[in-house]
Amino acid sequence: MKKVKGSDLRLRDEIRSFNDSPYNTSTVIKIEEHSVHLFRPYVHTSDFSSTAGVIPYVGFENYSIGKNTEVELLRRNKAPK
């Protein structure tokens, strides 16, 4: 895995978002002049269960980083045509 700056990222590249999360992979979805926008899905379950079982919370997070931010590149994907 390689460290790169946000300015070196391309659409659909996958990066490591957070070191301590099992859902720590984000995908580049938009690149602007000063920022890179990312998408990260996640799942969270409650620490309790009821007679109906455990309720999982499924969602996603959109966030952005600056182009000078250094990130860990996991996979470089081909950009859409």
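Anything mentioned here points back to the structure above.
My aim in this report is to walk through the structure given alongside it, one point at a time. This structure is a prediction, so every number in the text was calculated from the model and none was measured.

1. Section: the overall build of the protein
Summing up its helical and strand segments, the protein has zero helices and six strands in all. Counting only residues that meet the buried cut, the protein has 26% of its 81 residues in that class. Residue pairs at least 24 apart in sequence account for 49% of intrachain contacts in the protein once pairs closer than 6 positions are excluded. Counting only carbon and sulfur atoms, one obtains 51% of the accessible surface of the protein, whose full area is about 6000 Å².

2. Observations regarding unusual backbone geometry
With a phi close to 75°, Arg12 is a non-glycine residue in the positive phi region. Inspection of the secondary structure puts Arg12 in the loop between β1 (2-5) and β2 (14-16). For Arg12, a relative accessible area of 41% gives the class partly exposed.

3. Here's the deal with the side chain of Glu14
For Glu14, the position within the fold is in strand β2. Owing to a relative accessible area of 16%, Glu14 belongs among the buried residues under this scheme. Within the local environment of Glu14, its side chain forms a polar contact with the side chain of Asn77, the two groups lying 3.2 Å apart. Contact partners of Glu14, with chain neighbours within four places excluded, come to Thr25, Ser26, Thr27, Glu72, Leu73, Leu74, Arg75 and Asn77.

4. Structural notes on the pattern of salt bridges
One pass over the full model with this rule turns up five salt bridges. One salt bridge in this structure joins Arg76 and Asp13, with 2.8 Å as the shortest N-O distance. Pair noted here: Arg76 is in the segment after β6 (70-75) and Asp13 is in the loop between β1 and β2, with a separation of 63 residues, a long-range link. When its relative accessible area of 33% is taken as the criterion, Arg76 is described as partly exposed. Residue class for Asp13 comes out buried when judged on its relative accessible area of 0%. For Arg40, the salt bridge goes to Glu61, with nearest N and O atoms at 2.9 Å. Residue Arg40 is located in strand β4 (residues 35-45), and its partner Glu61 is located in strand β5 (residues 56-66); the two are separated by 21 residues in the primary sequence. According to the relative accessible area criterion, Arg40 is buried, its value standing at 10%.

Parameters at a glance
- Going along each chain's sequence as written, the residues are numbered from 1 onward.
- With pLDDT at 70 or above as the cut-off, local features in this predicted model cover only qualifying residues; side-chain atom pairs require 80 or more to be listed or tallied, and sums for whole chains, interfaces and linings still use all residues.
- Heavy atoms throughout the structure, all of them, feed into the side-chain values; hydrogens and water do not.
- For the purposes of this entry, the term helix denotes a DSSP run of H or I that reaches at least four residues, the term strand denotes a run of E that reaches at least two, and both are numbered from the N terminus.
- Only protein chains enter the calculation, and the probe is 1.4 Å; a residue is then buried if its accessible area is under 20% of its type maximum, exposed if over 50%, and partly exposed in between.
- When checking whether two residues touch, look at their non-hydrogen atoms; a contact exists if any pair is within 4.5 Å.
- Only the protein chains shown count as cover for residues, and the accessible areas themselves come from Shrake-Rupley with a 1.4 Å probe.
- A 3.5 Å cut-off defines polar contacts: any pair of N or O atoms within that distance qualifies, except that in protein one atom must be a possible hydrogen donor and the other a possible acceptor, and neighbouring residues in sequence count only when both atoms are side-chain atoms.
- Basic side-chain nitrogens of Lys or Arg form a salt bridge, by our definition, when they fall within 4 Å of a carboxyl oxygen of Asp or Glu.

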